[in-house]
Amino acid sequence: MGEYDYGYLEGDRLGSPRDLGILKRLYKYLRPHLRLVLLASLLIVILIGLELAMPYVTRLAIDRHLVPYYQRFEVSLLGPELEKEVARAIPLAERKAGAGGWWISKSLWRELDPALISRVRQSGAAGREDWYRAPASPEAHALARQHPAWFTRAGDDLFITVEQLGRLNPKQLDILRGEDLRWLIIWALIFTGLGFSLLTASYFQTMALEKAGQGMVYDLRMALYANLLARPLTFFHANPLGKLVTRTNNDVQNLVELFRGLLVGLFRGLFMLVGVSAMMLYLDWKLALICMALGPLVALSAWRLSFLTREIFRRTQGLVGRINTLLGETITGISQVKLLGAEWAVLGRLKRLNHDHFKAGMAQVKLFAVFLPLVELLGSLAVVLIIWQGGGWVMEDRLSLGTLVAFIAYFQLFMLPLRELAEQYHLLQGALASSERILTLMSSHEPEIQRSPASAVFSLQDGALEFKGVEFGYRAHTPVFKDLDLYIPRGQSLALVGPSGSGKSTLVNLALRLYKPGAGRIMLGDRELADLAPEELSRSMALVSQESLLIRGSLAENVSLGRPEVNQKRLGEALEISGVSQWLDELPQGSETVIGQGGRLLSQGQRQMVALARALAGDPRVLILDEAFSQVDPASEEAVHQALPRIMAGRTTILVAHRFSTARHAERIIVMQDGKLLEDGDHKTLMKAGGLYADMAGLDEIEQADRRHSLI
């Protein structure tokens, strides 16, 4: 890895996926929301219990009150030995005897040993008709007395065949089956109650889960953004804006899908599979094993799909980052694009990237176009097996109709987590890929500026700045500074001049701790710069550069930037000293005027004056002006020059000057060339010396004269 290779280039292979390691590292962001996760998990278990109860309620309603039939067999046809065996298998309380036969409930009949049932059928004792047991009510007995041919007595019980039951008129049918109808209504109400309970639990589970997931994303986005803000400038030079925006926005949001997919998809799916499997095995273990035999095929397909989709999502998200980068760069520099007539060139670049993104998306679609129908096909085959095998057993009285109906419902629940995983697998894989990129970004390098026990906040009264034996280079073996020594006393104004590339801005960036020196020390007062807390450093030093960053908000908000130490008094002084107050009345609402994103309602010169006011509002000990007035108009520049004594009063000031009209206001001028301090003195001294400063000042005067002449 190179010196400035931060190890997470967009779309690059990050190594073998280690999902468990990813989850362990994400856990610290989940931990503050663990109570909500536990609540959601408990509600998921309750939801699963409710879902499992509903098919069972259906089974009870069908077998007990929709088809509560009995099996009759002739005792005389059993033979002595078989009769004794049957009597041992069927408790006396469970069989109804009368008219030379026994009646037992169909559910009990199906629970007998299949071999014993087969022998009873072979003996001819088991009838083929289903019987219904009439209720022990006066109305039922009165009906039996009116139609004795329809009913057969077994002690105090009355039985009627299902065929004869179907011949009754509605009133007679209500006498016999009215109780079953009432129970069916009760079961329907129970089923409805389960449905409403399922809805309520699902609502609270979703709310708890989403609150925890969104809270986790909030914490992770803040941590990621703080991590980015603490990075050195070299990091941002190596990584375009679009990539970082994709990390902070798209990739972090994808973690919601990972969180939801793991808790709902895996946790809920695991419990659902266990619960449904247990219920199917309880209902009929043979039929359950037939259905679950297809499970490994689905799992194998999903396992194979995981390896393919992860690579596709890495490539897709990588292309999204590159597209964002291109769009950001193009829109930011749209004026240059139009002036150069480069619209078709950048459109061609976007076309290539967009085409690659399209191909990656289609590769994803092709995978799921095969996988999703495959899961559905396997599920349909299983239902066919249930109907074929289970339906045959129902016809043979080896399985109840209610059990078959419940079994089909349970198998749908069995397939549900597998189907959900298949449908959401692309989201889960995309979230895992996003997690890899985020965590790789956050761990690729520790932030360069860290708070250590030694960096306690303290008050800096001394604004002296000193460079001691400083060495620095942007690239290895190519130093900008080598053994640099420079001392700037407290309260001194120092101008840095020199040709482009001489090291002026680099020296300023080192003073602001935007870069770390490779060797040597930089002192602010009696403290080493590296030992200062970031908060204290920002309060002690301020920079005004050529590029002024303004946010969407009022002018006052852009000056204060939410700093508590910037009160109304400081704000007013800063606006006056910087010259903003001279044109403030021209704005519709004065300092409360919303100046728009980037300060687009202001001129370039006005934006730089606002940036100067922002720096002064913090009352820094050290003020650095890096070509700060290069964009202001001559009148504004003259106003700023008149205010320079007040701006620099009482603080150490460094002016990186391109115009020598600015440099001559400094008490001390240093001429830099090739990273060395070539000349040091005030304006008059350096002009008398006749060196590089005098030559550059002469050229500058000629340029200024030509500019004034061209304006006449």
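Residues numbered from 1 in each chain as written. Predicted model: local features only at pLDDT ≥ 70, side-chain atom pairs only at ≥ 80, totals over all residues. Heavy atoms only, no water.

Trainee: Sorry, what's going on with the pattern of salt bridges here?
Mentor: Opposite charge on two side chains permits pairing when their charged atoms draw close. Under the criterion given, the structure shown has 14 salt bridges. When the shortest N-O distance is used, the salt bridge between Arg72 and Glu74 registers 2.4 Å. A relative accessible area of 12% places Arg72 in the buried class. Glu74 gets classed as partly exposed once you look at its relative accessible area, which sits at 27%. A salt bridge links Asp130 to Lys106; its shortest N-O distance comes to 2.8 Å. Pair noted here: Asp130 is in the loop between helix 5 (114-123) and strand 4 (131-133) and Lys106 is in helix 4 (residues 106-111), with a separation of 24 residues, a long-range link. Residue class for Asp130 comes out partly exposed when judged on its relative accessible area of 26%. In this structure Lys106 comes out as buried when scored by relative accessible area, which is 4%. (Salt bridge = Lys/Arg side-chain N within 4 Å of Asp/Glu carboxyl O. Buried < 20%, exposed > 50% of the residue type's maximum accessible area, 1.4 Å probe, protein only. Helix = DSSP H or I, 4+ residues; strand = E, 2+ residues; numbered from the N terminus.)

Trainee: What's the story with the sheet that holds strand 6 (residues 157-161) in this structure? I'm lost.
Mentor: The pairing of strands in a sheet comes from backbone hydrogen bonds and takes either a parallel or an antiparallel form. The strand order across the open sheet formed by 6 strands is 2-3-1-4-6-5, and the pairing between neighbours is antiparallel. Since the sheet does not close on itself, it has two edges, and those belong to strand 2 (96-98) and strand 5 (152-154), each with one partner. Within this sheet the neighbouring strands show an average axis-to-axis angle of 35 degrees, counted without direction. Where strand 5 and strand 6 come together, 3 bridges link them in antiparallel fashion. Bridge assignment links Thr152 to a residue of strand 6, and that residue is Phe159. (Pairing = 2+ DSSP bridges. Axes fitted to C-alpha atoms, helices over the stretch in contact; angles between N-to-C directions.)

Trainee: What exactly am I supposed to notice about the sheet that holds strand 16 (residues 676-681) here?
Mentor: Strand order in the open sheet formed by 6 strands is 12-13-14-9-15-16, and the pairing between neighbours is mixed. What marks the edges here is a single partner per strand, and that holds for strand 12 (541-544) and strand 16. Within the sheet, the average angular offset between the axes of one strand and its neighbour, ignoring direction, is 20 degrees. Pairing between strand 15 (residues 668-673) and strand 16: 5 bridges, direction antiparallel. The residue bridging Met672 from the neighbouring strand is Leu677, located in strand 16. Against the sheet, helix 16 (residues 504-511) contacts strand 9 (493-497), strand 12, strand 13 (622-626), strand 14 (652-656) and strand 15, and its axis sits at roughly 140 degrees relative to strand 9. Taken strand by strand, helix 21 (residues 604-617) contacts strand 12 and strand 13, and its axis lies near 175 degrees from that of strand 12. (Contact = heavy atoms within 4.5 Å.)

Trainee: So what exactly am I meant to see when it comes to the UniProt feature "transmembrane region" (unreviewed entry) in the protein here?
Mentor: Taking the UniProt record as the reference, the feature "transmembrane region" (unreviewed entry) is found at residues 36-57, 181-204, 224-246, 258-281, 287-305, 367-388 and 400-418. The span residues 36-57 is 100% helical and 0% strand by assignment, and the distance between its end C-alpha atoms comes to 31 Å. For the annotated span residues 367-388, helix accounts for 100% and strand for 0% of the residues, and the straight-line distance between the end C-alpha atoms is 32 Å. (UniProt positions renumbered as here; feature names shortened; annotations may be inferred.)

Trainee: What exactly am I supposed to notice about the pairing of strand 13 here?
Mentor: The side chains of a regular strand alternate between both faces of the sheet. Taken across its 5 residues, strand 13 has 5 buried, putting it largely inside the fold. Judged by which residues are buried, strand 13 turns out to be covered on both faces: Val622, Ile624 and Asp626 on one side and Leu623 and Leu625 on the other are all buried. Where strand 12 lies against strand 13, 4 bridges are found, and the strand directions are parallel. Each residue of the ladder has a partner; that of Val544, found in strand 13, is Leu625. Two strands pair when backbone bridges link them, and strand 13 and strand 14 are joined in this way by 5 bridges, in the parallel orientation. By the bridge assignment for strand 14, Val622 is matched with Thr652.

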